[in-house]
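Architecture and fold: a report
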Amino acid sequence: MTPESAVVAVSSLEAGPLVLGEVDFRKLEDDINRPLESFPTRRWWIAISCTGLLAALFVYAFLHTVFTGIGAWGNNNPVGWAWDITNFVFWIGIGHAGTLISAILFLLRQRWRTAIARFAEAMTVFAVICALQFPLVHTGRPWLAYWLLPLPNANGIWVNFRSPLLWDVFAVSTYGTVSFLFWYTGLLPDLATVRDRARHGLRRTIYGILSLGWQGSNRAWSHYEKAYLLFAGLSTPLVLSVHSVVSFDFATSVIPGWHATIFPPYFVAGAIFSGFAMVATLIVIMRKFFRLEHVVTEDHLDVMNRIIIATSLMVGYAYATEVFIAWYSGAAYERYVFVNRAFGHYAWAYWTMVACNVVIPQVLWIRKVRRTVLLLYPVVILVNVGMWFERFVIVVTSLHRDYLPSSWDVFSPTWVDVSLFVGSIGVFLTLMLLFARFLPAVSLAETKAILPGSQPRARQGARPGGDGHG
Amino acid sequence: MAEGRNLAGVVGLCDDVESLLRAASAVRAAGYREWDCHTPYPVHGLDRAMGLKASPIPAICLAAGFAGAGVALLMQWWMSAVDYPVRIGGKPLYSWPAFVPIVFELFVLFSALATVCCVLVLCRLGRWHSPLHDSDVMRLVTSDRFAVVLRQEDRLFAEQEAAALLARSGCREVRPLYEREEDGSLI
Amino acid sequence: MSGGGDGGAELLALAPLRSAGLARASLALILCGAVLCATTLLSEGGLERFSFAYLWGFSFAWAIVLGSLFFVALQHVTRAVWSVVIRRVAEALAAPAGLLGVLFAPVLLLLLFTDHCAPFPWSNADLVRDDHVLQGKAPYLNVPFFVVRALFFFACWGGFAAFFVRQSLKQDAGGGAARTARMRRVAAPFLILFALTVTFASFDWLMSQDPHWYSTMYGVYVFAGMALAALAAITLAVLWLRARGLLGQGIVSDDHLYSLGGLLFAFTCFWAYIAFSQFMLVWYGNLPEETVYFARRGGAWLAVALLLVALRFALPFFLLLSRDAKRSPRRLVVTALIVLAGELLDLYWLIMPQLHEDGPRLGWQELGPPLFLAGALLLHVARFLGKHRPMAVGDPFLSKSCAFHL
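These numbers come from a predicted model, not from an experiment.

**Considering the overall build of chain C**
Across its full length, chain C holds 17 helices and 0 strands. Taken over the C-alpha trace, chain C has a radius of gyration of 22 Å; the compact-globule value for 406 residues is 22 Å, and the two agree within 12%. By residue count, 60% of the 406 residues in chain C fall in the buried class. Partitioning the contacts of chain C with sequence separation of at least 6, the portion at a separation of at least 24 is 83%. Roughly 15,000 Å² of accessible area belongs to chain C as shown, and the carbon and sulfur atoms make up 67% of that amount. Distance between charge centres in chain C, computed from 30 positive and 23 negative side chains, equals 14 Å.

**Considerations on the interface of chain A and chain B**
Contacts between chain A and chain B engage 63 residues on the former and 74 residues on the latter. Carbon and sulfur atoms make up 65% of the area that chain A and chain B hide from each other, which totals about 6,200 Å². Summed over the shared surface of chain A and chain B, the result is 0 salt bridges. Of all elements in the fold, only helix H2 (25-37), helix H6 (164-197), helix H7 (201-210), helix H8 (218-251) and helix H16 (444-450) of chain A reach the threshold of two or more residues within the side of chain A that touches chain B. It is H8(A) that provides the largest number of residues to the side of chain A that touches chain B, a total of 18 residues. Partitioned by chemical class, the residues of the side of chain A that touches chain B number 30 nonpolar, 20 polar and 13 charged.

**Looking at the pattern of salt bridges**
When the charged atoms of two side chains lie near each other, side chains of opposite charge can form a pair. The full count for this structure, using the stated rule, is 29 salt bridges over all chains. The partner of Arg195(A) in a salt bridge is Asp196(A), with the nearest N and O atoms 2.9 Å apart. Asp196(A) carries the same exposure label as Arg195(A), and that label is buried. Note that Arg151(B) is salt-bridged to Glu153(B), the shortest N-O span being 3.8 Å.

**Some remarks on the packing of aromatic side chains**
Overall, the coordinates contain 98 aromatic pairs over all chains when judged by the stated rule. Judged by centre distance (6.2 Å) and plane angle (25°), the ring pair of Tyr60(A) and Trp415(A) falls under stacked. Of this pair, Tyr60(A) sits in helix H3 (residues 42-68) while Trp415(A) sits in helix H15 (residues 415-438); the two residues are 355 residues apart in sequence, bridging distant segments of the chain. Residue classification places Trp415(A) among the partly exposed residues on the basis of a relative accessible area of 44%. Centre to centre, the rings of Phe190(C) and Phe194(C) are 6.0 Å apart; their planes meet at 50°, and the pair counts as tilted. Here Phe190(C) and its partner Phe194(C) are both found in helix H10 (residues 176-205), 4 residues apart, which amounts to about one turn of the helix. The exposure classification of Phe190(C) matches that of Phe194(C), with both residues buried. An aromatic cluster is present here, built from Trp83(A), Phe90(A), Trp91(A), Tyr346(A), Trp348(A), Trp388(A), Phe389(A), Phe392(A), Phe411(A), Phe421(A) and Phe428(A) joined pairwise through their rings. Directly above the ring of Phe338(A) sits Arg341(A), whose terminal nitrogen or CZ lies 5.0 Å from the centroid. For Arg437(A), the ring lying beneath its charged end belongs to Trp44(A), and the centroid distance is 5.4 Å.

**Concerning the confidence of the model for chain C**
Residue and element names in this part refer to chain C. Confidence in the prediction for chain C averages 89 pLDDT; 97% of positions are at 70 or higher. Counting interchain partners and residues more than four positions distant, the pLDDT-below-50 stretch residues 1-6 has 2 contacts. Model confidence for the complex: the whole-complex pTM is 0.92, and ipTM, which rates the interface, is 0.90.

**Here we look at the sheet that holds strand E4 (residues 173-180) of chain B**
Across a sheet, strands are paired by hydrogen bonds formed along the backbone, either parallel or antiparallel in direction. Residues and elements named next belong to chain B. One open sheet accounts for 4 strands, arranged E2-E3-E1-E4; its pairing is antiparallel. Where the open sheet ends on each side, the last strands, each with one partner, are strand E2 (35-38) and E4. Direction aside, the axes of adjacent strands within the sheet are offset by 30° on average. Across 8 bridges, the pairing between strand E1 (residues 5-14) and E4 is antiparallel. Residue Gly9 lies in a different strand from E4, and its bridge partner there is Leu177. Helix-sheet contacts for helix H1 (residues 17-29) involve E1, E2 and strand E3 (146-151), and the interaxial angle to E3 is about 15°.

**Some points on the pairing of E3(B)**
Residues and elements named next belong to chain B. Buried residues dominate E3, accounting for 5 of its 6 residues. Where E1 meets E3, 6 bridges bridge the pair, whose relative direction is antiparallel. When the sheet's bridge partners are listed, Gly12 is paired in E3 with Val148.

**Regarding unusual backbone geometry**
Of note, the bond from Asn77(A) into Pro78(A) is cis; its omega dihedral lies within 30 degrees of zero at 20°. Notably, Arg79(C) is not glycine yet its phi reads approximately 55°, a positive angle. Within the element layout of this structure, Arg79(C) appears in the loop between helix H3 (46-77) and helix H4 (84-94). Arg79(C) gets classed as partly exposed once you look at its relative accessible area, which sits at 37%. Here the phi dihedral of Asn286(C) falls at roughly 55°; this positive angle occurs in a residue that is not glycine. Inspection of the secondary structure assignment puts Asn286(C) in the loop between helix H12 (254-285) and helix H13 (288-297). For Asn286(C), a relative accessible area of 48% translates into the label partly exposed.

**Considering the interface of chain C and chain B**
Many analyses report the size of an interface as the accessible area lost when the parts associate. With 7 residues of chain C in contact, the opposing surface of chain B contributes 10 residues. Here chain C meets chain B over a buried area of about 690 Å², counting both sides, of which 86% is carbon and sulfur. For the pair chain C and chain B, the interface holds 0 salt bridges. The interface formed by chain C and chain B contains 1 residue pair in polar contact (both at pLDDT 80 or more). Top contributing element to the side of chain C that touches chain B by residue count: H12(C), with 5 residues. A per-class count over the side of chain C that touches chain B returns 7 nonpolar, no polar and no charged.

**With respect to the nonpolar core**
With 352 residues, the main nonpolar core has Phe428(A), Trp62(C), Trp157(C) and Trp205(C) as its most contacted residues. With 19 residues, the single largest contributor to this core is H3(C). Structurally, this core is a two-domain feature, drawing no fewer than three residues from each of domain 1 (7-54 + 127-180) and domain 2 (57-122) of chain B. Judged by nonpolar contacts, the second largest core, of 10 residues, contains Val11(B), Leu13(B), Met138(B) and Leu177(B).

**Things to note about the packing of H8(A) against H12(C)**
Packing of H8(A) against H12(C) leaves a shortest axis separation of 12 Å and a crossing angle of 15°. It follows that H8(A) is roughly parallel to H12(C) by the angle criterion. When the axes of H8(A) and H12(C) are compared, the crossing they make is right-handed. Taken together, the residues of H12(C) that come into contact with H8(A) (itself represented by Leu240(A), Ser244(A), Phe248(A) and Ala251(A)) are Tyr273(C), Ser277(C), Met280(C) and Leu281(C). Counted by class, the contact of H8(A) with H12(C) contains 6 nonpolar, 2 polar and no charged residues.

**Section: the environment of Trp77(B)**
Residues and elements named next belong to chain B. Note that Trp77 resides in helix H3 (residues 57-83). Using a relative accessible area of 38% as the deciding quantity, one classes Trp77 as partly exposed. Put simply, Trp77 and Ala8 are 69 residues apart on the chain and 57 Å apart in space, counted from C-alpha to C-alpha. Contact partners of Trp77, with chain neighbours within four places excluded, come to Val82, Tyr94 and Phe99.

**Quick notes on a nonpolar patch on the surface**
Residues and elements named next belong to chain B. Residues Leu73, Leu74, Trp77, Trp78, Val82, Tyr94 and Trp96 make up a contiguous nonpolar surface patch of about 690 Å² in total accessible area. With 5 residues, H3 is the largest single contributor of residues to the nonpolar patch. Here Trp78 is to be found in helix H3. Under the relative-accessibility criterion, Trp78 is labelled partly exposed at 36%.

**With respect to a positive patch on the surface**
All names here are of chain C. Among the surface-exposed residues, Arg166, Lys170, Arg182 and Arg185 lie close enough to one another that they form a single positively charged patch. Listed by contribution, the elements that provide at least two residues to the positive patch are helix H9 (143-171) and H10. Residue placement: Lys170 occurs in helix H9.

**Some words on the side chain of Ser253(A)**
All names here are of chain A. Turning to its location among the elements, Ser253 is positioned in the loop between H8 and helix H9 (263-289). The buried category is assigned to Ser253, whose relative accessible area is 18%. Of note is the side chain of Ser253, whose polar atom sits 2.6 Å from the backbone oxygen of Phe250. Setting aside anything within four residues of it in sequence, one finds Ser253 in contact with Trp258 and His259.

Thresholds, definitions, all that
- Residues numbered from 1 in each chain as written.
- Chains lettered and ligands numbered in written order.
- Predicted model: local features only at pLDDT ≥ 70, side-chain atom pairs only at ≥ 80, totals over all residues.
- Heavy atoms only, no water.
- Helix = DSSP H or I, 4+ residues; strand = E, 2+ residues; numbered from the N terminus.
- Rg over C-alpha atoms; globule rule 2.2 N^0.38 Å.
- Buried < 20%, exposed > 50% of the residue type's maximum accessible area, 1.4 Å probe, protein only.
- Contact = heavy atoms within 4.5 Å.
- Areas by Shrake-Rupley, 256 points an atom, 1.4 Å probe, with all protein chains shown as cover.
- Lys, Arg positive; Asp, Glu negative; His and termini not counted.
- Charge placed at Lys NZ, Arg CZ, Asp CG, Glu CD.
- Buried area = accessible area lost by both parts, 1.4 Å probe.
- Salt bridge = Lys/Arg side-chain N within 4 Å of Asp/Glu carboxyl O.
- Nonpolar A, V, L, I, M, F, W, Y, C, P; charged D, E, K, R; others polar.
- Phe/Tyr/Trp six-rings, centres within 6.5 Å; stacked < 30°, edge-to-face > 60°.
- Lys NZ or Arg CZ within 6 Å of the ring centre and 35° of its normal.
- pLDDT = per-residue confidence, 0-100.
- Pairing = 2+ DSSP bridges.
- Axes fitted to C-alpha atoms, helices over the stretch in contact; angles between N-to-C directions.
- Polar contact = N/O pair within 3.5 Å; in protein donor to acceptor, adjacent residues only side chain to side chain.
- Core = buried A, V, L, I, M, F, W, Y, C linked by side-chain atoms within 4.5 Å.
- Domains from an automatic or database assignment.
- Parallel < 35°, antiparallel > 145°, perpendicular 65-115°, else oblique.
- Left-handed = near helix turned anticlockwise from the far one by under 90°.
- Patch = residues over 30% accessible without salt bridge, like charges linked within 9 Å, V, L, I, M, F, W, Y side chains within 5 Å.

This is how it looks when you write it as structure tokens:
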């Protein structure tokens, strides 16, 4: 091999630039701030009208449930948990990619994450908000939800700490709080930039207050970077714990199909899988409409799709292990659950799940599919669908065949179930649209810091990047 | 100078990080204490050039985390085994495996809250006034310029010498920094 | 190619290990182990104790070799740059994958040529006759299928280890980029195969010793321990070679060590997470057919279980918690030794309660096979390092890796 061809080959192995084209700080700022500083386009108004309508449907269905009772849903005995918990787990899972991108990839020093981190973090916060609605409405009397907390009360009783549902209360509220704080901390420097770009006094005041008076002082940056690193370090185990705790809701029971020791890592992998699919689903639209293709590049889509394949395989591994161990266990109930899933009343849901989560994502092995929006889009949409069905299959198929054949029943959703789920998508998308309108969807400070020439070159005696990073 | 404006210090502006690092090292070598750099993003090596000490946040965060874990364990033990002992699901009253998840969650919650409080205090957030705003420098340093600010509170401060030091050590542009007198507005 | 000028010459000057000491020490271990094994086999009831101890020692060697192979493939699949300077060390530890197949022979011979192999009750026809659960599992748990599976696993691991090691060695002589591209292409499919084979190997060799018991997490649990053991072994080997000056001056920097230490820390937490989840779910579900496993490993074995928590989680966690600890060679050596001891203890805790239900026993009968197997492994690694350069000098990303900083 000649030296030239060797050089060419090596460069083809290397990752491309993180931001494409000739971009300086000013240009980058203008590009990212454009949606915030121009009057909303007609497309944005149309979009938010549609999602707002769906959000209104959610509110209506929520209120209907509260005034009518849980009987408005299709839940029955033995299927006491159905779409409500399915949607809860679905939304929590969506949120996990945000934390993964902002925290785990930060710790792994994956610099490509900057382009999508802010967006994904916002997604986390909004997904947790959506997720919380479902247990809230399932309590029947949401205004008494504070009973879930260990607060002193007149009856002198305490909550049951041995219940995984209570662990959920702690895990999800911690997760929501920490995700919000992480996101907001990351926003501070950018809010200051937006403040200083503002021409209108009111706009300047609002962003000024939100920025908490950030001045870009290096004495502040020094603490700030340490804090950011700590947030990443805390969020990483937190994200594992949250979905593990969600999986404990099922796995601590002795219901066949639920009581499996592999549930915690299996749920975490599934959450990351679905979350990345959702990030890809939304960011493809965002980069197109806000003209940010040079910031969120094809390389970014490529890496996200690689992670989608990896997590798809992990989920497939868990499916396979469960089926094998169900047979290997020799327990009649275990075996029945899996035969019933594959060939029973809900077989169509099971095979939808397998197809969407394990089979179809395999096309992402092809480089062209990973990098072409029109080809990858159907795949990530189907992953979203498949992951919803995964939770549905776990929840409903295990419940609808109880230990007592006399109580066997099937579940079918009512319009209220459907409205709550579809409406929650509306709530989520509305929040995302508002976010894209009012806050910088890509981190300005972080992206500036990875532009060529933004950091000092390595010098003799000084170890560059030694401070605050690691 | 104009009415209602007081001299707050001197600011030197740099166009690139290399000259910023040079200027910061020079100011540090000259022995200034009341000074700072302002940058649009964290610049590698600047902490070292400025001679900043390591942040105390990790230690505080860790301590808060262990405090949270301890609180969680005590709370669960006291509430489920002492104050309101009810046997549920055949589990012992003090069943540590069931307490671990909440112990962990409160570890994370406490340390995250402590970290945020540290950021608020140590980064001196919540102060909306700054001479940088009044002298029209802030909009540069949150965008694409780098500033070294020597404040007049420093015992070494003298306007001419400070300006000369900054000009000598690589700042492209050196200006006096003025502060408007309080006029009651928030920002 | 910053720093490639004089650094490049230094890299090319890196020479293989010249030390007869390591080879002599490993030969001594082999001899010592073989004598102990032979004495055990000749003693009363020795075959049973030997077979359990052999499985124990073998699992330990298996964990280190396969974990290192996983590490190598993971670096290729993630296109990691930082690890290029230490990848050859991992390759040296992964190279004995073929040897593992030979070392497994005693287990297969016992299964094939005696009426049953003691650690595997399902191989005892008398026992299966009265046990309808085991009869139900017979299509999977039977000697011929077990042997075929084992042969498949070893062929697979041996083949892929040979591929990665040979490509990397050939790269020393040239043709860098093309070989790197080929290894990256193979690494992803291999990792799929790795996950499946390690899972089923852990079911076969460890879980099936208690043939009634089952846990879907088991494969992940064994993998977590395996990754930890391999990381500890790699860390030790890197630090040992570096201290002898074989890895050049200052090429393996604090930041490389920090990355290794960080991985060790992360997998320590991962192991704790997996181990706790598995235990807690079984404890919580409280089904007799599942709790029996932990009941047997608590009780008289409780001290071992508690020591395991200390060695596997508490000590490494606190030793590596601070940022400086992850780049301190001394701290890393101490932690890596603790982690390796933890892996030995973990496997002991998984395997031995089947033999000694009334409490842990560790006599000279147990020490023969581990010493023999450790010696064999060490000899292979010493010979590998004596023949080849200790760093992948032909890797196109080596100079970038040398310049790696956090």
